[in-house]
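Survey of secondary and tertiary structure
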Amino acid sequence: MAVSFIIIIGERTGFMKKSILIMFVFLGVFSQASAAPATTGTTGNIDTPSADVLRPGQASLAYYNLHEGKDLAFGVNIAKNLELSGVRQEYKKTSAETYLNLKYGVLHEGILTPGMAVGIEDITNQKEQTVYAVMSKGMPLGLRLHAGVGNGHYDGLFFAVEKKLIPMSMGGVFPDTSLIIEHNGHAMNYGLRMSIAAGLKVDAGWRDNSSYVGFTYNCY
């Protein structure tokens, strides 16, 4: 009887582990390995931030070729849940501008609860200082939703929707690809983000009524 009881418990434990794994796959919970810097330098989508914050030991680099010029961006974790990022924007018709951002992760995303972060972009007000709060949550079928509010260049509400196009792919490894649709407070943007190597992603799409392309890299 004791042996039978142990076997039953083992089978149930194995079943529970498999069920939990299936649940995670079904929910399509995005890990932070899928995160990448936005055109502003902060971890996010196309133009908008997400609730993701670089973890200790992580850093990011990005290059975006936009219709108004080029963006060269970086990000680094400087303390627990605190991300420092910056971007140098080289415009075609005007001189270049450089500004810094800070983002703090208030809540980590859980299975049932959203992640939340607050941040400030362009700390020294070189162009347009912006303060925001944003929430992110993985949903069923490979969806992840982001919604936030901010002043400055966000001008109120902004949101983004990510859809993982290859559900069984591993986050951060080829061919992991996501479709991103966002409203940055002024216009709709559309893009694809594909991992081509560990930590290295290529972004392309339609932003601010023009095409764009970018390359981002997260160092772990």
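Presented here is an overview of the structure given in this document. (Residues numbered from 1 in each chain as written. Predicted model: local features only at pLDDT ≥ 70, side-chain atom pairs only at ≥ 80, totals over all residues. Heavy atoms only, no water.)

Some remarks on a nonpolar patch on the surface
As a reminder of what qualifies: Candidate patch residues must exceed 30% relative accessible area and have no salt bridge, after which like charges are joined if within 9 Å and Val, Leu, Ile, Met, Phe, Trp or Tyr side chains if within 5 Å. Under the convention used here, a 1.4 Å probe and the Shrake-Rupley method define accessible areas, while residue burial counts only the protein chains that appear. The salt bridge definition used is simple: a Lys or Arg side-chain nitrogen within 4 Å of an Asp or Glu carboxyl oxygen. Working definition: helices are DSSP H or I runs of at least four residues, strands are E runs of at least two. Numbering for both runs from the N terminus.
Together, Leu-61, Phe-74, Leu-100, Ile-123 and Tyr-217 give the surface a local cluster of nonpolar side chains, amounting to about 400 Å² of exposed area. Note on placement: Ile-123 falls in the loop between β7 (115-121) and β8 (130-139).

Some thoughts on empty space enclosed by the protein
Heads up, the rule is: Detection works on a 1 Å grid of protein atoms alone, calling trapped sets that fit a 1.4 Å probe cavities and calling open sets with protein on both sides within 12 Å along at least five of seven lines pockets, with lining residues defined by an atom within 4 Å of a point. Grid points are joined across faces, edges and corners, and a volume is the space filled by probe spheres set on the points. For this classification, Asp, Glu, Lys and Arg are treated as charged, while Ala, Val, Leu, Ile, Met, Phe, Trp, Tyr, Cys and Pro are nonpolar and the rest, including Gly, are polar.
Evaluated as defined, the whole model comprises 3 cavities of 30 Å³ or more. Taken as a whole, the second largest cavity holds about 40 Å³ of empty space. Grouping the amino acids of the lining of the second largest cavity by side-chain chemistry returns 2 nonpolar, 5 polar and 4 charged.

As for the pattern of salt bridges
Threshold: Burial here depends on accessible area, computed with a 1.4 Å probe over protein chains only, as a share of the maximum for the residue type. Under 20% is buried, over 50% is exposed, and the range in between is partly exposed.
One pass over the structure, following the stated rule, counts 8 salt bridges. Residues Arg-207 and Glu-68 are paired through a salt bridge, measuring 3.0 Å at the closest nitrogen-oxygen approach. Of this pair, Arg-207 sits in strand β13 (residues 200-207) while Glu-68 is found in the loop between β3 (59-66) and β4 (69-79), placing the two residues 139 residues apart along the sequence. Residue classification places Glu-68 among the partly exposed residues on the basis of a relative accessible area of 23%. Of the charged contacts, one joins Arg-88 and Glu-90 as a salt bridge, the two residues approaching to 3.4 Å between their closest N and O atoms. A relative accessible area of 37% means that Arg-88 is categorised as partly exposed. Look at Glu-90 and you get partly exposed, because its relative accessible area is 32%. Several salt bridges converge on common partners, so that one network encompasses Asp-52, Glu-109, Arg-144 and Glu-162.

Concerning the packing of aromatic side chains
Worth spelling out the cut-off: What counts as a ring pair is set by centres within 6.5 Å for rings of Phe, Tyr and Trp (its six-membered ring), and what kind of pair is set by the plane angle: stacked under 30 degrees, edge-to-face over 60, tilted for all other angles.
A full pass over the atoms with the stated rule returns 3 aromatic pairs. Relative to Tyr-212, the ring of Tyr-64 has its centre 6.4 Å away and its plane inclined at 45°; by these criteria the two rings are tilted. Taken together, the positions of Tyr-64 in strand β3 and Tyr-212 in strand β14 (residues 210-219) put the pair 148 residues apart, joining distant regions of the chain. For Tyr-64, a relative accessible area of 1% gives the class buried. A relative accessible area of 5% means that Tyr-212 is categorised as buried. Here Tyr-132 and Tyr-154 contribute two aromatic rings whose centre-to-centre distance is 6.0 Å and whose plane-to-plane angle is 80°, an arrangement assigned as edge-to-face. Note that Tyr-132 is positioned in strand β8 and Tyr-154 in the loop between β9 (143-150) and β10 (156-164), a separation of 22 residues in sequence. Assessed through its relative accessible area of 1%, Tyr-154 is described here as buried. Site record: aromatic cluster; members linked through ring pairs are Tyr-132, Tyr-154 and Phe-158.

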